[in-house]
Amino acid sequence: MQQIKGYHAHVYFDASTIDQARALCEQAAKLFGLKMGRVHERPVGPHPDWSCQLAFAPELIGEVLPWLALNRKGLVVFLHPDTGDDLLDHTEHAIWMGAIRPLDLSIF
């Protein structure tokens, strides 16, 4: 079994929901002590939409995942583990909240 080193939750948004996404990410960072990445107003890496990443330790998954599910208010959240296998983490191991978006897997 692969070891999960941490998790990344990518909150997707657009020009009309950027303030909502920023507030969600800032609140999560404050509540759980997560590392909040930059608020990207363009697609970055494999992500097809604007996004902000939340990075957190494996032991927080039981708190962060349900909190995001209940507080995302229509935003799409892409959550995946960090096992060291980026392709599997972004495909087979991924959890989607909301619409599944097409990732650019060619970078893996």
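Up top is the structure.
The rules we used
Residues numbered from 1 in each chain as written. Predicted model: local features only at pLDDT ≥ 70, side-chain atom pairs only at ≥ 80, totals over all residues. Heavy atoms only, no water. Patch = residues over 30% accessible without salt bridge, like charges linked within 9 Å, V, L, I, M, F, W, Y side chains within 5 Å. Areas by Shrake-Rupley, 256 points an atom, 1.4 Å probe, with all protein chains shown as cover. Salt bridge = Lys/Arg side-chain N within 4 Å of Asp/Glu carboxyl O. Helix = DSSP H or I, 4+ residues; strand = E, 2+ residues; numbered from the N terminus. Buried < 20%, exposed > 50% of the residue type's maximum accessible area, 1.4 Å probe, protein only. Pairing = 2+ DSSP bridges. Axes fitted to C-alpha atoms, helices over the stretch in contact; angles between N-to-C directions. Contact = heavy atoms within 4.5 Å.

Chemist: Describe in detail a nonpolar patch on the surface, supporting the description with residues and values.
Modeler: A surface patch of nonpolar side chains, about 320 Å² in accessible area, is lined by Leu87, Leu105, Ile107 and Phe108. Of note, Leu87 is situated in helix 3 (residues 86-89). Judged by relative accessible area, Leu87 falls into the partly exposed class, the value being 40%.

Chemist: Before we move on, can you summarise the sheet that holds strand 1 (residues 6-13) with the specific residues and values?
Modeler: Within the open sheet, the 5 strands sit side by side as 2-3-1-4-5. Their pairing is antiparallel. Every other strand in the sheet has two partners, leaving strand 2 (35-40) and strand 5 (95-97) as the edge strands with one partner each. Averaged over all neighbouring strand pairs, the angle between strand axes comes to 15 degrees, with direction disregarded. The sheet contact formed by strand 1 and strand 4 (residues 76-82) spans 7 bridges and is antiparallel. Bridge pairing in strand 4 links His8 to His80. Against the sheet, helix 1 (residues 18-32) touches strand 1, strand 2 and strand 3 (50-56), its axis set at about 170 degrees to strand 2. In the packing of helix 2 (residues 61-71) onto the sheet, the strands contacted are strand 1, strand 3, strand 4 and strand 5, and the crossing angle to strand 5 comes to about 30 degrees.

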